[in-house]
Amino acid sequence: GRYYVRQGGFLADVDRFDPEFFGIAPVEALTLDPQQRLLLETTWEALEHAGISPRSLHGSRTGVFVGLGANDYQRLVLADRAPDTYAATGTSFSVAAGRLSYVLGLTGPAVALDTACSASLVAVHLACQSLRRGESTLALAGGVSLMLTPELTVNFCRARMLSRDGRCKTFDAAADGYVRSEGCATVVLKRLRDAERDGDRIIAVIRGSAINQDGRSSGLTAPNGPSQEAVLRAALADAGLGPAAVSYVEAHGTGTSLGDPIEVQALGAVYGAGRPADEPLLIGSVKTNLGHLEAAAGITGLIKAALSLQQGVIPPHLHFQQPNPLIPWDGLNVAVPTAKLRL
């Protein structure tokens, strides 16, 4: 029951909320998971940033796709009081997505999913598929993760999964685990032609996406290199692009001695082969900046990549001092940018 870590990435004021703004009674807000509160707030802000009035979506076929994984607040609520109607809806994953649809009056699909660290990117994938099929006219996709109880962190300490110094040293020889962090993010997705027609603010274009599973690897939580290569090739095929068209990859990059080498070798095998020696594939991970947001990790990396395109800058990858010797760098034609690069 002990920690060996002393740092994490925490959000301030997760207990603050304006329930009346969203039509929620104060008594209901008492047992409303802060993850649901954050999803409401960030989704509203994302729509405004896109130049879309949230209230204009009432009755539209807008889909909601949300990745979640932590249910800390539910355990706190059930331990503190007798279950009631508000506790059930306030801490349910399905209601986290459904509440967004309810508050905004959306009639498209509302899906909450838990695929661990990939949850928010799987949400984006499903949102793209829904848009392509015409099932949704607009889609809200994202993820949220908060750490409100200590048990899971203790469990990860027992498994020696966390970085001792509170830094994700991704791709570095000193990589010793990841850093648990909190966060919430939502993106607003639309078919490109519809966004152009409606005069929306467009930050980036998703050309294609793909998902799969490791299958039987060396262990239940161990990654599988061939499966990673397969999903990368499937994404390229879906986008109609060749490997040479990709110059930067925002990696999962947790900073673990097992995961980093497998991921880099998969990226090198798919995107690095056949590239000019003076144009290596650039790889980075936002986890070196923010830590690992777990269910919200993927959407954070997506936003970093989109903002990099918008600003024309790849930010430096942090905590990279000595390349991991378990990664065959010379044969992969990949590189880690340690200084700001202009695109």
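Residues numbered from 1 in each chain as written. Predicted model: local features only at pLDDT ≥ 70, side-chain atom pairs only at ≥ 80, totals over all residues. Heavy atoms only, no water.

Trainee: I would appreciate a short explanation of the packing of aromatic side chains in the present structure.
Mentor: Tallying each qualifying case throughout the model produces 6 aromatic pairs. For the pair phenylalanine 22 and tryptophan 44, a centre-to-centre distance of 6.0 Å together with 85° between the ring planes defines the contact as edge-to-face. Taken together, the residues span a long stretch of sequence, with phenylalanine 22 in the segment before helix H1 (26–29) and tryptophan 44 in helix H2 (residues 34–49) at a distance of 22 residues. Since its relative accessible area comes to 10%, phenylalanine 22 is described here as buried. Here tryptophan 44 falls in the buried class, since its relative accessible area comes to 12%. Among the aromatic residues, ring-to-ring pairing joins Phe17, Phe21, Phe22 and Trp44 into one connected group. (Phe/Tyr/Trp six-rings, centres within 6.5 Å; stacked < 30°, edge-to-face > 60°. Helix = DSSP H or I, 4+ residues; strand = E, 2+ residues; numbered from the N terminus. Buried < 20%, exposed > 50% of the residue type's maximum accessible area, 1.4 Å probe, protein only.)

Trainee: Can you walk me through the pattern of salt bridges in this structure?
Mentor: Oppositely charged side chains can pair when the atoms bearing their charge come close. Within the structure shown, the criterion is met by 15 salt bridges. A salt bridge links arginine 99 to glutamate 28, with the nearest nitrogen and oxygen atoms 3.2 Å apart. With a gap of 71 residues between them, arginine 99 in helix H5 (residues 93–104) and glutamate 28 in helix H1 connect regions that are remote in the sequence. Among the residues examined, arginine 99 registers a relative accessible area of 8% and is labelled buried. For arginine 191, the salt bridge identified is with aspartate 194, shortest N-O distance 3.0 Å. Through salt bridges with shared partners, a single network forms among Lys190, Arg191, Asp194, Arg197, Asp198 and Asp200. (Salt bridge = Lys/Arg side-chain N within 4 Å of Asp/Glu carboxyl O.)

Trainee: Would you explain the environment of threonine 43 in this entry?
Mentor: Turning to its location among the elements, threonine 43 is positioned in helix H2. In this structure threonine 43 comes out as buried when scored by relative accessible area, which is 1%. Residues threonine 43 and valine 188 lie 145 residues apart in sequence; the distance between their C-alpha atoms is 8.2 Å. When neighbours within four sequence positions are excluded, threonine 43 is seen to be in contact with Leu100, Leu104, Leu140 and Thr186. A distance of 2.7 Å separates a polar side-chain atom of threonine 43 from the backbone oxygen of leucine 39. A polar contact is formed between the side chain of threonine 43 and the side chain of threonine 186, at a distance of 3.2 Å. (Contact = heavy atoms within 4.5 Å. Polar contact = N/O pair within 3.5 Å; in protein donor to acceptor, adjacent residues only side chain to side chain.)

Trainee: Help me understand the side chain of arginine 275, please; the structure alone is not making it clear to me.
Mentor: Structurally, arginine 275 is set in the loop between helix H10 (259–272) and strand E6 (281–284). We note that arginine 275 is buried and unpaired, the nearest opposite charge coming from glutamate 279 at a distance of 5.7 Å. (Lys, Arg positive; Asp, Glu negative; His and termini not counted.)

Trainee: Whenever I open this one, the sheet that holds E6 confuses me. Can you help?
Mentor: Within a sheet, adjacent strands bond to each other through the backbone by hydrogen bonds, running parallel or antiparallel. Read from one edge of the open sheet, 3 strands run E5-E6-E8, paired in parallel fashion. The sheet terminates laterally at strand E5 (248–250) and strand E8 (334–335), the two strands that pair on one side only. With 2 bridges joining them, E6 and E8 adopt parallel strand pairing. Looking at the pairing, leucine 282 lines up with alanine 335 of E8. Lying over the sheet, H10 contacts E5, E6 and E8, oriented at roughly 155° with respect to E6. (Pairing = 2+ DSSP bridges. Axes fitted to C-alpha atoms, helices over the stretch in contact; angles between N-to-C directions.)

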